[in-house]
Amino acid sequence: MNCGKALFFYPLLALCLFFLAPAAADAQNRIAYFSYDEAMKSMPDYVLAQKNISSLRSKYDAEMKRAEDEFNNKYEEFLDGQHDFAPLILQKRQAELQELMQKNIAFKAEAERLLTQAEKDAMAPVAEKMKTALQKIGKERGYAVILNTDSNACPYIDTTIADDITTIVKDALR
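Note that the coordinates shown come from a computational prediction; the quantities given were computed from them, not determined experimentally. (Residues numbered from 1 in each chain as written. Predicted model: local features only at pLDDT ≥ 70, side-chain atom pairs only at ≥ 80, totals over all residues. Heavy atoms only, no water.)

**Q** Which parts of the structure should I look at to understand the pattern of salt bridges?
**A** Once the charged atoms of two side chains with opposite charge are near each other, the side chains can pair. Summed over all chains, the structure comprises eleven salt bridges. Residues Asp-163 and Arg-30 are paired through a salt bridge, measuring 2.6 Å at the closest nitrogen-oxygen approach. Taken together, the positions of Asp-163 in strand E3 (residues 162–164) and Arg-30 in strand E1 (residues 30–34) put the pair 133 residues apart, joining distant regions of the chain. Taking the relative accessible area as the measure of exposure, Asp-163 reaches 26% and is therefore partly exposed. Taken together, the shared-partner salt bridges in this structure form one network comprising Glu-63, Arg-66 and Glu-70. (Salt bridge = Lys/Arg side-chain N within 4 Å of Asp/Glu carboxyl O. Helix = DSSP H or I, 4+ residues; strand = E, 2+ residues; numbered from the N terminus. Buried < 20%, exposed > 50% of the residue type's maximum accessible area, 1.4 Å probe, protein only.)

**Q** I keep staring at the layout of surface pockets and nothing clicks. Help me out?
**A** By rolling a water-sized probe across the atoms, one finds the places where empty space is left. Of the volumes computed, that of the largest pocket is approximately 210 Å³. Lining the largest pocket, in full, are Met-64, Ala-67, Glu-68, Phe-71, Asn-72, Met-101, Asn-104, Ile-105, Phe-107 and Lys-108. Contributing elements (two or more residues each) for the lining of the largest pocket: helix H3 (44–81) and helix H4 (87–141). In terms of residue class, the lining of the largest pocket is built from six nonpolar, two polar and two charged. (1 Å grid on protein atoms, 1.4 Å probe; cavity = no way out; pocket = protein on both sides within 12 Å on 5 of 7 lines; lining within 4 Å. Points joined across faces, edges and corners; volume = space filled by probe spheres on them. Nonpolar A, V, L, I, M, F, W, Y, C, P; charged D, E, K, R; others polar.)

**Q** Is there a simple way to think about the sheet that holds E1 in this case?
**A** The three strands lie next to each other as E2-E1-E3, forming an open sheet whose pairing is parallel. One side of each edge strand has no neighbouring strand; the edge strands of this open sheet are strand E2 (143–148) and E3. Across this sheet, the average inter-strand angle for adjacent strands is 25 degrees, counted without regard to direction. Of the strand pairs in this sheet, E1 and E3 are connected by three bridges, and their pairing is parallel. For Ala-32, the partnering residue across the bridge sits in E3 and is Asp-163. (Pairing = 2+ DSSP bridges. Axes fitted to C-alpha atoms, helices over the stretch in contact; angles between N-to-C directions.)

Here it is, written out as structure tokens:
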């Protein structure tokens, strides 16, 4: 090959490969996107888990309210009678109030911990079901990437290149 032609040919070849490579990659690597939250909230398992967690939260809230009311009643009794109490009785009532307050604080902290754990436990199988469905859809439809569009994670998606599979995911989860 002539040296002048080679100087022209190789840059032209490189330029063609540069522009054709992304087109070839797009043909092989399809992209999809969906709303994780919308799909998750459409699952019957999610709805049931949220209902159970809400019920448990209501029970803990009712017990915390009962304990708070008990403390407030005892505190009011203490305030009403503190001027008439003998010093030893005053100390005993103060200690009782302090102990009751500490127990209530400990109960509230433990209830929050247990609620967090219950939510984690209830949502684990739901999240696993979502993950399994996404893997199946990705493999069946040949997607290289499936993006979650929630929380402005993907501020721009070219819909001529990527597929919105929110409805497909929701249908797979029912």
